[in-house]
Amino acid sequence: MKKNINVEYRALDLSDLGSSLFKKFNRYQETNRVWFKDKDQFSLKVDHFVEEWNDEKKTSILLELHNCVRSGGVVIGALVENGLVGFANVEMEFFGMNKEYLELPYIHVSNEFRNCGIGKKMFELCCQKAKLMGAYKLYIAAHPSEETQHFYRAVGCTFAEEINQTIYEKEPLDIQLEITL
């Protein structure tokens, strides 16, 4: 765990979402085991792969964050010395039978800043923002890696009571989670 880092957390606006935002952001994740659903039961299995974002992927995500802000959603940034080390966002589109869910599509911490509490703090801020936006629940399609699932369990997430088919179909291997706000 890094010591003595001063992290600034704030909502990012369109002027913050410039082309250099992700310049030093290191989305590297090595996965060795994943959770998967077989019938109605979840289990762990060995599955080794590495994910890294190239410039094209970063540009694509930046456009999604622009659209989020433009449509009334929120993007939370975690900054160290004015450089982005983490971000998360909440979309402003209600769904579910009772229109009580908002989605948390992204929450990422740059590899070298993980395990410092940054993800947990951004998650708390997104929950607060979603509640202020009128949501009763936050919906997360979470990466199936053992570490990612551990994070979501640690912050209080449970399996989603309602599955959003549109979100599910984007990445069917993700685990659909929620948290009541």
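A short tour of the structure in this document, coming up.

About the cut-offs
- Residues numbered from 1 in each chain as written.
- Predicted model: local features only at pLDDT ≥ 70, side-chain atom pairs only at ≥ 80, totals over all residues.
- Heavy atoms only, no water.
- Pairing = 2+ DSSP bridges.
- Helix = DSSP H or I, 4+ residues; strand = E, 2+ residues; numbered from the N terminus.
- Contact = heavy atoms within 4.5 Å.
- Axes fitted to C-alpha atoms, helices over the stretch in contact; angles between N-to-C directions.
- Core = buried A, V, L, I, M, F, W, Y, C linked by side-chain atoms within 4.5 Å.
- Buried < 20%, exposed > 50% of the residue type's maximum accessible area, 1.4 Å probe, protein only.
- Salt bridge = Lys/Arg side-chain N within 4 Å of Asp/Glu carboxyl O.
- Polar contact = N/O pair within 3.5 Å; in protein donor to acceptor, adjacent residues only side chain to side chain.
- Expected span 1.5 Å × (residues − 1).
- Arc of directions from axis to C-beta.

The strands that make up a sheet are held in pairs by hydrogen bonds between backbone atoms, and each pair lies either parallel or antiparallel. Read from one edge of the open sheet, 4 strands run S6-S8-S10-S9, paired in mixed fashion. Looking at the sheet topology across the chains shown, the edges are occupied by strand S6 (101–103) and strand S9 (158–159). Sitting on the sheet, helix H2 (residues 118–132) is in contact with S6, strand S8 (137–142) and strand S10 (175–180), with an inclination near 135° to S8.

Looking now at the nonpolar core. In a soluble, globular protein the nonpolar side chains are often hidden away together inside. Ranked by internal contacts, the top residues of the largest apolar core, which has 32 residues, are Val90, Leu104, Ile118, Phe123 and Tyr152. Of all elements in the fold, only strand S4 (74–80), strand S5 (83–90), strand S7 (106–109), H2, S8 and S10 reach the threshold of two or more residues within this core. Residue contributions to this core peak at 7 residues, all from H2. By size, the runner-up hydrophobic cluster in this structure holds 16 residues, among which are Leu12, Phe22, Trp53 and Leu65.

Our focus in this paragraph is the pattern of salt bridges. What the rule picks out here adds up to 6 salt bridges. Its salt-bridge partner being Arg33, residue Glu146 comes within 2.7 Å of it at the nearest N-O pair. Of the two residues, Glu146 is situated in helix H3 (residues 146–154) and Arg33 in strand S2 (residues 28–38); the sequence distance between them amounts to 113 residues. For the salt bridge of Glu178 with Lys137, the shortest nitrogen-to-oxygen distance reads 3.1 Å. Residue Glu178 is found in strand S10, and its partner Lys137 is found in strand S8; the two are separated by 41 residues along the sequence. Assessed through its relative accessible area of 2%, Glu178 is described here as buried.

Next up on the list: the side chain of Ser110. Along the chain, Ser110 falls in the loop between S7 and H2. With residues near it in sequence (within four places) discarded, Ser110 still touches Lys24, Phe25, Asn26 and Val85.

Relative to the assigned elements, Thr148 resides in helix H3. A polar atom in the side chain of Thr148 sits 3.4 Å from the side chain of Gln29. Excluding anything up to four places from it in sequence, Thr148 contacts Gln29, Ala142 and His143.

For helix H1 (residues 55–70), spanning 16 residues, the distance from its first C-alpha to its last is 23 Å, which sits close to the expected 22 Å at 1.5 Å a residue. Every buried residue belonging to H1 is among Lys58, Ile61, Leu62, Leu65, His66, Cys68 and Val69, and all of these are buried. Across the axial projection of H1, the buried residues extend over an arc of 160°, all falling on one side. Relative to its buried face, H1 has exposed residues pointing more than 90 degrees away, namely Glu56, Leu63 and Arg70. Against the buried residues of H1 lie strand S1 (8–12), S4, S5 and S7. For H1, the capping residue at the N-terminal end is Asn54, with a side-chain oxygen 3.2 Å from the backbone nitrogen of Glu56. Immediately downstream of H1, the backbone of Gly72 shows phi near 95°, a positive value.

So, about the pairing of S10. In terms of burial, S10 is a largely internal element, 5 of the 6 residues being buried. When S9 meets S10, the two strands line up antiparallel, connected through 2 bridges. Counted as the bridge partner of Thr158 is Glu178 from S10.

Another aspect to go through is the pairing of S2. One ladder, built from 10 bridges, connects S2 with strand S3 (residues 41–52); its direction is antiparallel. In the strand pairing of S3, Thr31 is matched with Phe49. Once S2 ends, the chain turns through 2 residues before running back antiparallel as S3, passing Lys39 with a positive phi of about 60°.

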